Amino acid sequence: MIAVLKAGTTDKQIENLSAWIRSQGLDVHLSKGSVHTVLGLVGDTAKIDAELLESLDIVDSVKRISEPFKSANRKFHPDDSIITVGNTTVGGKDFAIMAGPCSVESEEQVMEIARAVKAAGATMLRGGAFKPRTSPYDFQGLKADGIELLLKAKKETGLPIVTEIMNANHLPLFEEVDVIQVGARNMQNFELLKELGRTQKPILLKRGLANTLKELLMSAEYIMAGGNENVILCERGIRTFETYTRNTLDLSSVPLLHELTHLPVIIDPSHATGVARLVKPMALAAAACGANGLMIEVHNDPAHALCDGAQSLTPDAFADVTAAVSKVLDAVKGL
Ligand code: PEP
Ligand code: MN
């Protein structure tokens, strides 16, 4: 349930009303937007008399939210959420570009790629240290050493780092990581999501291989319900019967998610297609349809990458993509 407050309502009045709502056993979510101030009531709202609430002087209107996701709901927070990550932001007007190798392989590799993606306009460095691999015999990542190498690259380039967590027990290793990624395979690892909800770290939540947008939003809700509202959603393609691509990129998720939620939405055209030459056209389409950013895999030697070489761009190809993306962003501005 949400209560839209009248213009001119004072902080004291908001606090009094919030205290009363809490006394009814509910949580209150306050959103002071550019147009409206909205109080979101979270919990069992059946016991709240909506008519009584609406009759209060400071309340303009009361609506029940039928969707099961509340904190992530656009109705709770009409303005776009803007998530601060180090010296950059994700959401609103800014366009985030996270780029780097699928996995961190060595110091030389990650440093060379970090410098190159920074020069080409990346706003964050990505790189997997803990890798979720289909085969237990494949390279599993450098783990804690991989995070150390990412931190080294961050120190030199100033780029905030994004890396995936697979087990909540590893959280102490992520203290200096700027954005913690929850990969597609863990989108519904609810215990992990709850644990991340207890932190204040920005979380990049990737859509599961066969999950609906509603399920993605419910997973975001798990993190937000714990008190961490810093969630970035990522569409990375879903399983279909198509085999020419690794997954099928669902670009309609971008405008749909923007309707349903205030959280930023980025596109990962690398995992979505699995094919390096398809990354540029899909990145351009993502920029054109309103995505808040991209995550792109870049490798200095794709042919010898320990993971996902076929979808990895060379630094030069990545620079070509970022230049083209900025042209698309300029072209669609204000449309
Ligand atoms: C990744 O970003 O390296 C990754 C494993 O992606 P996904 O979880 O989308 O497969
Ligand atoms: Mn990968």
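Only a predicted model underlies this, so the values are computations on that prediction, with no experimental measurement involved. (Residues numbered from 1 in each chain as written. Chains lettered and ligands numbered in written order. Predicted model: local features only at pLDDT ≥ 70, side-chain atom pairs only at ≥ 80, totals over all residues. Heavy atoms only, no water.)

Engineer: Help me understand the pattern of salt bridges in this model?
Structural biologist: A side chain of one charge can pair with a side chain of the opposite charge if their charged atoms are brought near each other. Applying the stated criterion across every chain, the model contains 17 salt bridges. Between Glu 297 and Arg 126 there is a salt bridge, with its nearest N and O atoms 3.4 Å apart. A residue pair is termed long-range when its members are at least 10 positions apart, and Glu 297 in strand β14 (residues 293–297) and Arg 126 in strand β8 (residues 124–126) qualify at 171 residues. With relative accessibility at 0%, the residue Glu 297 sits in the buried group. A salt bridge links Arg 246 to Asp 308, with the nearest nitrogen and oxygen atoms 3.1 Å apart. (Salt bridge = Lys/Arg side-chain N within 4 Å of Asp/Glu carboxyl O. Helix = DSSP H or I, 4+ residues; strand = E, 2+ residues; numbered from the N terminus. Buried < 20%, exposed > 50% of the residue type's maximum accessible area, 1.4 Å probe, protein only.)

Engineer: What is the right way to look at the site of ligand 1 in this model?
Structural biologist: The local shell around ligand 1 consists of Arg 126, Lys 131, Pro 132, Glu 164, Gln 181, Gly 183, Ala 184, Arg 185, Lys 206, Arg 236, His 271 and Glu 297. One nitrogen or oxygen atom from the side chain of Lys 131 is found 2.9 Å from an oxygen atom belonging to ligand 1. Burial of ligand 1 by the protein chains amounts to 97% of its free accessible area of 300 Å². By residue class, the composition of the shell around ligand 1 is 2 nonpolar, 3 polar and 7 charged. (Near = heavy atom within 4 Å. Polar contact = N/O pair within 3.5 Å; in protein donor to acceptor, adjacent residues only side chain to side chain. Areas by Shrake-Rupley, 256 points an atom, 1.4 Å probe, with all protein chains shown as cover. Nonpolar A, V, L, I, M, F, W, Y, C, P; charged D, E, K, R; others polar.)

Engineer: Looking at this structure, how should I read the pairing of strand β12 (residues 231–235)?
Structural biologist: Every other side chain in a regular strand lies on the same face of the sheet, so the side chains alternate between the two faces. In terms of burial, β12 is a largely internal element, 5 of the 5 residues being buried. Across the two faces of β12 the burial is the same, with Val 231, Leu 233 and Glu 235 and Ile 232 and Cys 234 all buried. Bridge count between strand β11 (residues 203–206) and β12: 4 bridges; the pairing is parallel. Counterpart to Ile 203 in the pairing with β12 is Val 231. Pairing of β12 with strand β13 (residues 265–267) involves 3 bridges; the strand directions are parallel. Looking across to β13, one finds that Leu 233 is bridged to Val 265. In the classification by handedness, the crossover that spans β12, the intervening helix α7 (residues 253–260) and the parallel β13 is right-handed. (Pairing = 2+ DSSP bridges. Right-handed = clockwise from strand over helix to strand, strands pointing away.)

Engineer: Help me out: how do you make sense of the sheet that holds β12 in this one?
Structural biologist: Sheet strands pair by backbone hydrogen bonding; their relative direction is either parallel or antiparallel. Strand order in the closed barrel formed by 8 strands is β7-β8-β9-β10-β11-β12-β13-β14, with parallel pairing between adjacent strands. Strand-to-strand twist in this sheet, taken as the mean axis angle between neighbours without regard to direction, amounts to 25°. Sheet analysis places strand β9 (residues 161–164) next to strand β10 (residues 179–182), joined by 3 bridges and oriented parallel. Bridge pairing in β10 links Glu 164 to Gln 181. Across the face of the sheet, α7 comes into contact with β12 and β13 while running at roughly 170° to β13. (Axes fitted to C-alpha atoms, helices over the stretch in contact; angles between N-to-C directions. Contact = heavy atoms within 4.5 Å.)

Engineer: Whenever I open this one, the domain arrangement of the protein confuses me. Can you help?
Structural biologist: Reports of interface size often rely on the accessible area that becomes lost once the parts have come together. Per the domain assignment, the segments making up the protein are domain 1 (2–63) and domain 2 (83–332). For domain 1 and domain 2, the distance between their C-alpha centroids amounts to 36 Å. (Domains from an automatic or database assignment.)

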